[in-house]
Amino acid sequence: MPPVQTVRGPVDTAELGQTLMHEHVFVLTPDVQQNYPEEWGSEDQRVADAVEKLTALAATGVRSIVDPTVVGLGRYIPRIQRVAEQVDLNIVVATGCYTYEDVPFFFHHRGPALNAAFGTDVPDPMVDLFVRDITEGIAGTGVRAAFLKCAIDAPGLTGGVERVMRAVAKAHRRTGVPITVHTHPGTRTGLLVKRVLTEEGVDLRRVVLGHSGDTTDADHLCELADAGFLLGMDRFGINLATTFEARADIVVEMCRRGYAEQMVLSQDAACYIDWVAPDVMAFLPQWHYTHIHEDVLPYLREHGVTEEQIETMLVGNPRRYFENVGTG
Ligand SMILES: [Zn+2]
């Protein structure tokens, strides 16, 4: 079997075991953090806290987490390496760019933005940067990204969102690594992802539509799964605009309809995320790494989801997602 790249090096896909397909270690706003560092506090303490939380996760039987933290979310691989050295868990990292609207200012006057001025087809430098992260490693660390990440949210297919999505698709075509897209199922953005990635020649079976579990519209999810996508039921514990039962019941319903082979489970949790004030976190008591094993899996079993279906969602589907690398 082909290996998948992790922070500590290549791992056979058969060794991934139970895999949570969308968990962050840290989500940060680096220029705010660098100028107002008091909440972040001590680097050593944050790393120790991450080691403790991920060690507790590993004790549930999870062997791997897939971390879609890219540019726009404060990716910083040397810190992740420090954590990974101390935790018995595979951490798979990503490349890509996270935006709901515009590309970061760094890219504004590079690549396609210059087409009008030069009257030529200037390639997007994002593509080469993403490919280098996958083939050579990230920022001199030697750690290689094993998948690509982009986002589309309620604003829809803005110019910036489309530019990143097409760059991600081109990097996928060159490297074969799979793709995760942050989506907003309430506005049916998965259909826009389908159009753009299909135009770019992407096999939709290599794509996770993240946050699909934010909706309870089973017919819409079936439409996306029938197009080939894997559905990320990946925000368990974020029960602000929804409930625990709503998130769990849509997984039960999709299993009942025969779609266990096209769902993956996760929590979109982090050891520390500076997007959420510490006192707001108090309103999200189930938003942590072990919620799936402590609360969600027992509920799924009680409501008719079989052990085989759970194994498919936690082990089989992640493994299949990371296989076929190199076949584009
Ligand atoms: Zn996320």
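A closer look at helix α7 (residues 159–175)
Across its 17 residues, α7 extends 24 Å between first and last C-alpha, which sits within 8% of the 24 Å expected from 1.5 Å per residue. Burial analysis of α7 places 12 of its 17 residues in the buried class, the great majority of the element. Within the sequence span of α7, burial applies to Gly160, Val161, Arg163, Val164, Met165, Arg166, Ala167, Val168, Ala169, Ala171, His172 and Thr175. In this structure, the buried side of α7 is in contact with α4 (105–108), α6 (125–135), β7 (147–151), β8 (179–182) and α8 (190–199). Phi turns positive, to about 85°, at Gly176, one or two residues after α7.

Looking at the state of the cysteines
Defined simply, a disulfide is a covalent bond joining two cysteines at their sulfur atoms. Enumeration according to the criterion identifies 0 disulfides in this entry. Unpaired in this structure, Cys222 has its nearest cysteine sulfur neighbour in Cys255, at a distance of 11 Å.

Here's the deal with the packing of helix α2 (residues 43–58) against helix α3 (residues 77–84)
In the contact formed by α2 and α3, the axes pass within 9 Å of each other and the chain directions differ by 50°. Regarding the angle of α2 to α3, the classification is oblique. The crossing of α2 and α3 is right-handed. On α3, the residues touching Glu43, Asp44, Val47, Ala50, Val51 and Leu54 of α2 are Arg79, Arg82 and Val83.

Concerning empty space enclosed by the protein
Applying the stated criterion across every chain, the model contains 2 cavities of 30 Å³ or more. Put simply, the largest cavity is a space of about 80 Å³. Taken together, Phe26, Asp67, Thr69, Gly74, Arg75, Tyr76, Ile77, Arg79, Ile80 and Val93 make up the full set of residues lining the largest cavity. A per-element tally of the lining of the largest cavity places α3 first, with 3 residues.

Re the layout of surface pockets
Considering only enclosed or pocket space, the largest pocket measures out at about 450 Å³ in volume. Lining the largest pocket are 25 residues, and of these Asp214, Arg235, Ile238, Asp268 and Trp287 sit closest to its centre. Taken together, the residues of the lining of the largest pocket sort by class into 13 nonpolar, 7 polar and 5 charged.

Some details on the coordination of the zinc ion
Here the zinc ion is held by His22 (NE2), His24 (NE2) and Asp268 (OD), and the distances to it run 2.1 to 2.2 Å. Of note, the zinc ion draws all its donor residues from one chain, in the sequence arrangement H-x1-H-x243-D. The same class applies to His22 and to His24, which are both buried.

Concerning the packing of helix α9 (residues 218–226) against helix α10 (residues 244–256)
At a closest axis distance of 11 Å, the pairing of α9 and α10 adopts a crossing angle of 55°. Relative to α10, the element α9 lies oblique. α10 is crossed by α9, and the crossing has right-handed handedness. Taken together, the residues of α10 that come into contact with α9 (itself represented by Ala218, Leu221 and Cys222) are Ile250, Glu253 and Met254. Partitioned by chemical class, the residues of the contact of α9 with α10 number 5 nonpolar, no polar and 1 charged.

Parameters and conventions
- Residues numbered from 1 in each chain as written.
- Predicted model: local features only at pLDDT ≥ 70, side-chain atom pairs only at ≥ 80, totals over all residues.
- Heavy atoms only, no water.
- Helix = DSSP H or I, 4+ residues; strand = E, 2+ residues; numbered from the N terminus.
- Expected span 1.5 Å × (residues − 1).
- Buried < 20%, exposed > 50% of the residue type's maximum accessible area, 1.4 Å probe, protein only.
- Contact = heavy atoms within 4.5 Å.
- Disulfide = S-S within 2.5 Å.
- Axes fitted to C-alpha atoms, helices over the stretch in contact; angles between N-to-C directions.
- Parallel < 35°, antiparallel > 145°, perpendicular 65-115°, else oblique.
- Left-handed = near helix turned anticlockwise from the far one by under 90°.
- 1 Å grid on protein atoms, 1.4 Å probe; cavity = no way out; pocket = protein on both sides within 12 Å on 5 of 7 lines; lining within 4 Å.
- Points joined across faces, edges and corners; volume = space filled by probe spheres on them.
- Nonpolar A, V, L, I, M, F, W, Y, C, P; charged D, E, K, R; others polar.
- Donors = N, O, S within 2.8 Å, 3.2 Å for Na, K, Ca; no water.

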